[in-house]
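In case you want the letters, here they are:
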There are 2 protein chains.
Amino acid sequence: MYESNEEMMFTNARIEEIMYNVTFNPKTRDGDIVVNLSVVDKNNLDEVLELFRQVMYSGLSVCSYVKLFDEGETFSGYRVAPGKAGIATACSITIDGVFLKQGIPVRPKFGGIVQVKDRQPIRFTDMIRYDSTTIDPLEVLMSQELTSVKEMTRTGSGKVLANFREVPMTAKDDVDHTINRLLTAGFYGILEVGEPNTPVLGVDVDRDHMGVIITGGTNPMAAVQESGIPIVTKAIKGTLDFREMKKLA
Amino acid sequence: MYESNEEMMFTNARIEEIMYNVTFNPKTRDGDIVVNLSVVDKNNLDEVLELFRQVMYSGLSVCSYVKLFDEGETFSGYRVAPGKAGIATACSITIDGVFLKQGIPVRPKFGGIVQVKDRQPIRFTDMIRYDSTTIDPLEVLMSQELTSVKEMTRTGSGKVLANFREVPMTAKDDVDHTINRLLTAGFYGILEVGEPNTPVLGVDVDRDHMGVIITGGTNPMAAVQESGIPIVTKAIKGTLDFREMKKLA
């Protein structure tokens, strides 16, 4: 069974499309990254950015760079309404795009929720596979009241958004090298890199592959939602020149 | 790739488990059906039941039977908190359970959103497959602000929750017969029955199979959410003796 209507697109197809557009070079720190767009009331913007800062400071986002959009401004076909403010933040698919442009055949698999205890990720507790959903899993999961991102930033334990991809074990050196480059460029959101042929955070990998788990770019937004502040997030919204973004935390 | 942690359960496994417990006989109208449990503020109960009634009257639920739980009462391990009221409604997996107990090998595939125009279902616009998510798709989709169930009840056009299963084409007579029995017993929520080997609402079927689309048991709850009334719904919560339920609309 597959779907025959061209207007319905599975998330993995959208991911592939947008990975292809990533041109970010972690060495030179220029080029386009994938971003999520969040929209909040202008009145709440300071409070929201403070929450973003806390979550980013705890390492629970992809990186700490943001770009703000004022009312009336447009990003990727979306116009920020009067009284609202837009915040673009890095999406974890950026990492997949960088892997791809390094020639590493990366396969984004699913988005889910990871239980963390004393700053140690323990296991996935929920997941939705990209190839079986038309709606972004992390967009979905952040609205199900399953996360405790704020608690995690305070206590070191909680449930956070994360996503999972596989790379061939033969690419291990290249993967490690690229991850180090990304870390140096301020992309700290790599939660766990598994060993070849070894389950990681309770998830098995395909033979001769290894799993790479990255924190969800939507964790700051989940913290805002947990605080009862209205926020609308479009995950994987578009690409943005990294040089247009500013460090927040 | 599959998951190795026994605490993480995909929705199709939970569906199979609960289908097995269905004992409802549409001919005698007794036995257990699968229900969703919704919890609302006691103060809002009358307004919520009025919305439920409207949605059920429009044929957008599985049937019109409910069972109310007062504060302090317990259903399937869930205790209704003080100041709250619980409402059990039929879940569409009941239909799968009835098919199964008739000896029809039924395969629930996905939950999604169907666009309806002038009371005619047109196509699926979104979907999440049961075998790839640990969270119930209809529970997820009703919270994404993608539905317009209330508009549909008013104008005959809108987006409603529905789900999709496949049955072998050789079972067609048995399926038709069972559906007629279910209709007579007040289970009116069959949205569309496809022809063998023919796509239905934009979704292809496996060779020698046909698709059966049933309205989501969570449409009444989606209408409540669209009205801005707080409601918490646990889909596929448990089974309930049909004789304990009362007709609402």
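Cut-offs used in this document
Residues numbered from 1 in each chain as written. Chains lettered and ligands numbered in written order. Predicted model: local features only at pLDDT ≥ 70, side-chain atom pairs only at ≥ 80, totals over all residues. Heavy atoms only, no water. Buried < 20%, exposed > 50% of the residue type's maximum accessible area, 1.4 Å probe, protein only. Helix = DSSP H or I, 4+ residues; strand = E, 2+ residues; numbered from the N terminus. Pairing = 2+ DSSP bridges. Phe/Tyr/Trp six-rings, centres within 6.5 Å; stacked < 30°, edge-to-face > 60°. Lys NZ or Arg CZ within 6 Å of the ring centre and 35° of its normal.

Engineer: How should I be thinking about the pairing of strand S2 (residues 65-69) of chain B in this particular structure?
Structural biologist: One face of the sheet, then the other: side chains in a regular strand alternate in exactly this way. Residue and element names in this part refer to chain B. Across the five residues of S2, four count as buried, placing the element largely inside the fold. By the bridge criterion, four bridges tie S2 to strand S5 (residues 84-90) in an arrangement that is antiparallel. Looking at S5, one finds that Phe-69 is bridged to Gly-86.

Engineer: I would appreciate a short explanation of the pairing of strand S10 (residues 209-215) of chain B in the present structure.
Structural biologist: Residue and element names in this part refer to chain B. Burial of S10 is extensive: seven of the seven residues sit out of reach of the surface. Neither face of S10 is left uncovered, since the one carrying His-209, Gly-211, Ile-213 and Thr-215 and the one carrying Met-210, Val-212 and Ile-214 both have all their residues buried. As defined by bridge partners, strand S9 (residues 190-193) adjoins S10 across three bridges and the pair is classed as antiparallel. Looking at the pairing, Val-193 lines up with Val-212 of S10.

Engineer: Explain the packing of aromatic side chains here, please?
Structural biologist: Centre distance and the angle of the planes are the two values used to describe a pair of aromatic rings. In this structure the tally under the stated criterion is 16 aromatic pairs over all chains. With a centroid separation of 5.0 Å and an interplanar angle of 40 degrees, the aromatic rings of Phe-24 of chain B and Phe-187 of chain B are classed as tilted. With Phe-24 of chain B in the loop between helix H1 (11-20) and strand S1 (32-41) and Phe-187 of chain B in the loop between helix H6 (172-184) and S9, this pair connects stretches of sequence that are 163 residues apart. An aromatic cluster of three or more residues is present, and its members are Phe-24, Tyr-65, Phe-187 and Phe-242 of chain A. In this arrangement the basic side chain of Lys-101 of chain A is found over the ring face of Tyr-20 of chain A, its NZ or CZ atom lying 5.0 Å from the centre.

Engineer: Quick question: what am I supposed to make of helix H3 (residues 93-101) of chain A here?
Structural biologist: Owing to its 3.6 residues per turn, the α-helix brings residues three or four apart onto one side. Residues and elements named next belong to chain A. Among the nine residues of H3, seven are classified as buried, and the element is accordingly described as predominantly covered. Residues of H3 that are buried: Ile-93, Thr-94, Ile-95, Asp-96, Gly-97, Val-98 and Phe-99. Following H3 by one or two positions, Gly-103 has its phi on the positive side, about 85 degrees.

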